[in-house]
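Observations on chain architecture
Residue strings, one per chain:
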Amino acid sequence: MSTLGLSYRCLVYLLALGCLLPLAQPAHAESGEYQIKAAMIYNMIRFMDWPEEALPASAGQFTICVAGKGGLGPAVDGLQGKQVKGKTVVVRHSSPVTGAAGCQVLVLSDLDKTATADLLEKTRSSVVVTVADSAGFARSGGTVGFILQNSKIRFEINQTAAQRHRIRISAQLLKLAQIVQEAP
């Protein structure tokens, strides 16, 4: 059974954690927000498929790279050692200069617009899912962008970027996302 064959109910339940819980306590909201986003990244990965050459069956690890020094990076560190797609998650921190070589997911954590644009350009033809929580990220060419709406975490998916990166996204995940188009 394909990883895309996971139950839609399971997906809704897992993503509901972030999409439905309001960020009510300001003192803990920021760190809690990042933990929710990291959990959402982990759960989204389960509903995406990479081409065989980018994620061979024989590979023992699934690499998530983090570029930037924002709060999302330390939250993503918590995914280290978890299992996804039958592989062990390895979290690697990289500089915006080195890009995403060897990464299945690239998380941009609090980078300025210039560094973000540079990384999106460097990874334009790479087989990698790019994720960030900066405003307009998905519209700028990123694959998944987190947004806050009514104090709730939501996510946008840029299908054009996913197709360009040769990532297949489950229809169930797409139903929960706000689909955006790249700005020309």
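Details of the structure are given in the entry above.
To keep things clear, this report deals only with the structure shown in the data block. From a predicted model like this one, the values you see are computed outputs, not experimental measurements.

Attention now moves to empty space enclosed by the protein. Inspection of the entire model under this criterion finds 1 cavity of 30 Å³ or more. Approximately 40 Å³ is the volume found for the largest cavity. Considering the residues around the largest cavity, the lining is formed by Ile 41, Met 44, Ile 45, Met 48, Val 105, Val 129, Val 131 and Val 144. Every element with two or more residues in the lining of the largest cavity is listed here: helix H2 (26–45) and strand E6 (129–132). Looking at which element gives the most residues to the lining of the largest cavity, the answer is H2, with 3 residues. Partitioned by chemical class, the residues of the lining of the largest cavity number 8 nonpolar, no polar and no charged.

Note that soluble globular proteins tend to have their nonpolar side chains buried in a common cluster. Ranked by internal contacts, the top residues of the largest apolar core, which has 39 residues, are Met 48, Trp 50, Ile 64, Val 76, Val 105, Val 107 and Phe 155. Broken down by element, this core gets its largest block of residues, 8 residues, from H2. Counting residues in each nonpolar core, the second largest holds 13 residues, with Cys 65, Ala 100, Leu 106 and Leu 111 among its members.

The rules we used
Residues numbered from 1 in each chain as written. Predicted model: local features only at pLDDT ≥ 70, side-chain atom pairs only at ≥ 80, totals over all residues. Heavy atoms only, no water. 1 Å grid on protein atoms, 1.4 Å probe; cavity = no way out; pocket = protein on both sides within 12 Å on 5 of 7 lines; lining within 4 Å. Points joined across faces, edges and corners; volume = space filled by probe spheres on them. Helix = DSSP H or I, 4+ residues; strand = E, 2+ residues; numbered from the N terminus. Nonpolar A, V, L, I, M, F, W, Y, C, P; charged D, E, K, R; others polar. Core = buried A, V, L, I, M, F, W, Y, C linked by side-chain atoms within 4.5 Å. Buried < 20%, exposed > 50% of the residue type's maximum accessible area, 1.4 Å probe, protein only.

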